[in-house]
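As a plain string of letters, each chain reads:
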Amino acid sequence: MSWGRCSHCLQGTAIGLCPKDKLFRGYIDLEIQLREFDRCRILYQKFLEFAPENCTTWMKYAELETILGDVERARAIFEIAISQPRLDMPEVIWKSYVDFEIEQEQYGLAARLYERLLERTQHVKVWISYAHFQLSYGGKDPVPLARTIFERANKELRNAAEKEERLMLLESWSEFEASHGDEQSQESVAKQMPKKVKKRRRIVNEDGPPKQKISDPEELAEYQLRKRKGFEDNIRKNRSVISNWIKYAQWEESQKRYRDHYNHAAQKNTPPCRNRQVNHARNIWDRSVSILPRVKQLWYKYTYMEEMLGNIAGARQVFERWMEWEPHEQAWQTYINFELRYKELDRARQIYERYILLFKKDMLVG
């Protein structure tokens, strides 16, 4: 399939239907790396049609326009975002909008944003942030402006149900007066502070059981044989217990360092056992994913082991086996991140395509 046809698919129904925001953002990031900015805009617009409450997507969209130098378009995106009737993280999008105006040195617009936000919420963090903003960008004499904000906040929060919020405000106000006020202003705030009661907690240190020490290769071999028998017995009793497989494979991986140690000590008197030990662990992971292919932890650990061994092709083969089972979104994202770590942008793009087309197929079937 040519990229032109794939692009047409992505700009159609599949994009509009795909609700997987993390995967979607990863796809957009990939297009940014490839300098396909118009395609990024289409992706953002399609996704926001599906999930207009997603603040992260709004912020990323505005950030893209800012990077591209279209400040007015970025501001318009922020305005549309804060006008949404429902947002998953409204405080984050407002803070991002304020930071945007500060970066543009539009301090008057930023102050008006704070006032607009305070019409919607009286949260203490908004008041504190507003006071700090006035202190930093309030002109030639910012201290009185910041103090006025603290006084307004204290008046609003005096009768609030959440007493912790007013305490947080007073603590921040006290720090402000300690740095910028005089004795009178400091004393005025101190009188309003509640008394603190300190509680002491006893700390108890507990040492774990002593670890077994192995002194020679024969003892190591006996120990490993005994452990393997125990692991195999547990698996034979119940193959569906995930922890049995994970403990077994991780134990095999851990034995490699003991093998390496004794091989080095023997100074070539015994053949290297490193590959044999790795193959033991690989065999266990392979058995586990064959028996329990729907258990994501097993696949994660299998691919991680291969990558840590530097077996990139082997890790990719494991990922491909996993994708045949059409797993959840995070599995696809992990595969994509794997390819991006090794600068395989074309492979990553192909995986994005496969996932979105798979999702489209599932939606049509459903």
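Database annotation for the protein, UniProt heading Subcellular location (unreviewed entry): "Nucleus". Within the UniProt record for the protein, the comment given under Sequence similarities (unreviewed entry) is "Belongs to the crooked-neck family."

## Considering the nonpolar core
Grouped together as the largest cluster of nonpolar side chains are 51 residues, with contacts concentrated most on Ile-93, Tyr-130, Phe-133 and Leu-169. Looking at this core element by element, the count peaks at 7 residues for helix H9 (residues 124-137). In contact with Ile-93, not counting residues within four places along its chain, are Cys-55, Trp-58, Met-59, Phe-78, Ala-81, Ile-82 and Leu-87. Counting residues in each nonpolar core, the second largest holds 39 residues, with Trp-251, Trp-285, Leu-292 and Leu-358 among its members.

## Comments concerning the packing of aromatic side chains
Inspection of the entire model under this criterion finds 18 aromatic pairs. Seen in terms of ring centroids, Phe-133 and Tyr-137 are 5.5 Å apart; in terms of plane orientation they differ by 40°. Their pairing is tilted. With a gap of 4 residues between them, Phe-133 and Tyr-137 both fall in helix H9, about one helical turn apart. Note on Tyr-137: relative accessible area 35%, which makes it partly exposed. Seen in terms of ring centroids, Phe-319 and Tyr-335 are 4.7 Å apart; in terms of plane orientation they differ by 5°. Their pairing is stacked. Taken together, the positions of Phe-319 in helix H17 (residues 312-323) and Tyr-335 in helix H18 (residues 329-341) put the pair 16 residues apart, joining distant regions of the chain. Each of the two residues, Phe-319 as well as Tyr-335, counts as buried.

## So, the side chain of Arg-166
Tracing the backbone through its elements, the reader meets Arg-166 in helix H11 (residues 163-180). Buried within the structure, Arg-166 lacks any salt-bridge partner; its nearest side chain of opposite charge belongs to Glu-165, at an N-O separation of 10 Å. Of note is the side chain of Arg-166, whose polar atom sits 3.3 Å from the side chain of Gln-192. Setting aside residues no more than four positions away along its own chain, Arg-166 makes contact with Asn-154, Leu-157, Arg-158 and Gln-192.

## Digging into the environment of Tyr-352
Tracing the backbone shows Tyr-352 in helix H19 (residues 345-365). Here the alpha-carbon distance between Tyr-352 and Tyr-27, two residues 325 residues apart in the chain, equals 6.6 Å.

## Let's talk about the side chain of Arg-316
Position of Arg-316 among the secondary structure elements: in helix H17. Owing to a relative accessible area of 15%, Arg-316 belongs among the buried residues under this scheme. A polar side-chain atom of Arg-316 sits 2.7 Å from a polar atom in the side chain of Glu-339. Excluding its chain neighbours within four sequence positions, the residues that come into contact with Arg-316 are Tyr-335, Phe-338, Glu-339, Glu-344 and Arg-347.

## Some remarks on the confidence of the model for the protein
As a note on interpretation, predicted positions should not be read in detail where pLDDT is low. Per-residue pLDDT for the protein averages 80, and the proportion of residues at 70 or more is 80%. For the protein, helix H1 (residues 3-10) is the element with the lowest average pLDDT, namely 45, and helix H6 (residues 71-82) is the one with the highest, namely 95. Considering only residues more than four positions removed or in separate chains, one finds that residues 206-210, a stretch of pLDDT under 50, has 0 contacts. Between residues 265-273, whose pLDDT stays under 50, and residues either more than four places distant or in other chains, the model counts 6 contacts.

About the criteria used
Residues numbered from 1 in each chain as written. Predicted model: local features only at pLDDT ≥ 70, side-chain atom pairs only at ≥ 80, totals over all residues. Heavy atoms only, no water. UniProt positions renumbered as here; feature names shortened; annotations may be inferred. Core = buried A, V, L, I, M, F, W, Y, C linked by side-chain atoms within 4.5 Å. Buried < 20%, exposed > 50% of the residue type's maximum accessible area, 1.4 Å probe, protein only. Helix = DSSP H or I, 4+ residues; strand = E, 2+ residues; numbered from the N terminus. Contact = heavy atoms within 4.5 Å. Phe/Tyr/Trp six-rings, centres within 6.5 Å; stacked < 30°, edge-to-face > 60°. Lys, Arg positive; Asp, Glu negative; His and termini not counted. Salt bridge = Lys/Arg side-chain N within 4 Å of Asp/Glu carboxyl O. Polar contact = N/O pair within 3.5 Å; in protein donor to acceptor, adjacent residues only side chain to side chain. pLDDT = per-residue confidence, 0-100.

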